[in-house]
Amino acid sequence: WDAFQKFDVNHDGKIQQDEFQKLMTSLGSFSAKEISRLFKEADSDGSGTVDWREFIKWICSGAATKTMSADSAASFARLLTRETRDEACFAE
């Protein structure tokens, strides 16, 4: 959930393309073209936003990292690992 919220800056329950682009750009390993392609992959219903269900499906299916370069996949994995670790610490 925290990873989704990190993308959903305005907390409206949906990730807009500009929110997605800002976070992915901050990771440092993504080109604008790659970010645009990844957003389109995540936005499975073509609504122009990514909701929680789409986000989870995109992450859990492996689609999120399948077409990323090795550097990009490593940066993205660090983001997800950091969020998972933070959630685990909170639960303890």
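Predicted, not measured: the structure shown is a model, and the values here were computed from it.

A. View of the packing of aromatic side chains. Enumeration according to the criterion identifies eight aromatic pairs in this entry. Between F4 and W52, the aromatic rings sit 5.5 Å apart at their centres with planes inclined by 85°, giving edge-to-face as the arrangement. You can see F4 sitting in helix α1 (residues 2–7) and its partner W52 sitting in helix α4 (residues 52–60), a full 48 residues away along the chain. Residue classification places W52 among the partly exposed positions, given a relative accessible area of 34%. In this structure an aromatic cluster arises from ring pairing among F4, F7, F20, F39, W52, F55 and W58.

B. Structural context of the pattern of salt bridges. This model, assessed by the stated rule, comprises two salt bridges. Of the charged contacts, one joins R37 and E34 as a salt bridge, the two residues approaching to 3.8 Å between their closest N and O atoms. Of this pair, R37 and E34 both sit in helix α3 (residues 32–42), three residues apart, which is roughly one turn of that helix. R37 serves as the salt-bridge partner of E41, at 2.8 Å between the closest nitrogen and oxygen. Of this pair, E41 and R37 both sit in helix α3, four residues apart, which is roughly one turn of that helix. Classification of E41 by relative accessible area gives partly exposed; the value is 30%.

Rules of the game
Residues numbered from 1 in each chain as written. Predicted model: local features only at pLDDT ≥ 70, side-chain atom pairs only at ≥ 80, totals over all residues. Heavy atoms only, no water. Phe/Tyr/Trp six-rings, centres within 6.5 Å; stacked < 30°, edge-to-face > 60°. Helix = DSSP H or I, 4+ residues; strand = E, 2+ residues; numbered from the N terminus. Buried < 20%, exposed > 50% of the residue type's maximum accessible area, 1.4 Å probe, protein only. Salt bridge = Lys/Arg side-chain N within 4 Å of Asp/Glu carboxyl O.

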